[in-house]
Structure formats: C-alpha cells, structure tokens
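# Examining the three-dimensional arrangement
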Amino acid sequence: MVPVPTDEPLESEVESKVVEYAKGKGCIERKMNGPGYRGWPDRLFGYNGQVVWVEFKRLGERPTNLQKVIHGKLRDNGFDVEVVDNVVDGRRTIDNFITRSTHF
C-alpha cells in the first residue's frame, strides 16, 4: 500500500464531494451499506436508466481482496464498476457515465 500524506482528503470527503456533484448533474444515488453489503462498492449511481457502481478510496488506496471479488462479479454481469480515489477523477467518472447513459 502506498503511504498517504495526512493532508490528503479522507475517503468520506472524496465521496461526499462526488455525490454532491453527481446530484447536481441529475444523477440519483444510493449508499450501499448495512448488513450483507460487505465488499460491495460504496455507491450506486443512476442516470437515464443506466447505473454505475463506484468504490471510493483515499488517494493511493486500492480495493481489498473481497472488494476485488465483488467488483469482478458485478463486471462479469455487465455492470460498470469504477474505483475513485480523488474528486477530480470522481467528477470525470460521473461525466463519462452521464455521456454513456445519454447515448445508450
């Protein structure tokens, strides 16, 4: 694991800023937590009948082995799964998702 400088935003800060951005663009979202959701991506975003799963991480962090397995199962079933560790990439992920969903 890559050491993360202490001045980098927490995962929750990245997530909240990207969620706010996505809502401003017209996406709906759902936090995926609670019993039975261990290893699942943090959020499910929807737009124009399409969905993308997003796993949020702190800068430089990577998914756990369990998360990799769940992400693989989702991808094998045709779902988009993105891992985001900063706000700029998170906004880009949302913009790309909206563009793909608009041309569906």
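Rules of the game
Residues numbered from 1 in each chain as written. Predicted model: local features only at pLDDT ≥ 70, side-chain atom pairs only at ≥ 80, totals over all residues. Heavy atoms only, no water. Core = buried A, V, L, I, M, F, W, Y, C linked by side-chain atoms within 4.5 Å. Buried < 20%, exposed > 50% of the residue type's maximum accessible area, 1.4 Å probe, protein only. Helix = DSSP H or I, 4+ residues; strand = E, 2+ residues; numbered from the N terminus. Contact = heavy atoms within 4.5 Å. Pairing = 2+ DSSP bridges. Phe/Tyr/Trp six-rings, centres within 6.5 Å; stacked < 30°, edge-to-face > 60°.

## Some remarks on the nonpolar core
- Counting 14 residues, the largest nonpolar core has Val14, Cys27, Phe45, Val54, Phe56 and Ile94 as the members making the most contacts within it.
- Looking at this core, the elements that each hand over two or more residues are helix H1 (11–24), strand E3 (50–56) and helix H3 (87–102).
- Not counting chain neighbours up to four residues away, the residues in contact with Val14 comprise Pro9, Phe56, Val84, Asp85, Asn86 and Val87.

## Remarks on the pairing of strand E2 (residues 43–47)
- Across four bridges, the pairing between strand E1 (residues 28–31) and E2 is antiparallel. Bridge pairing in E2 links Arg30 to Leu44.
- When E2 meets E3, the two strands line up antiparallel, connected through five bridges. When the sheet's bridge partners are listed, Phe45 is paired in E3 with Val52.
- Hairpin remark: E2 followed by E3, antiparallel, with two residues in the connecting loop; positive phi at Asn48, about 55°.

## Some details on the packing of aromatic side chains
- This structure, assessed with the given rule, holds three aromatic pairs.
- With a centroid separation of 6.4 Å and an interplanar angle of 80°, the aromatic rings of Tyr37 and Trp40 are classed as edge-to-face.
- For Tyr37, a relative accessible area of 33% translates into the label partly exposed.
- Under the relative-accessibility criterion, Trp40 is labelled partly exposed at 28%.

Interpretation in functional terms is not warranted from these geometric data alone.
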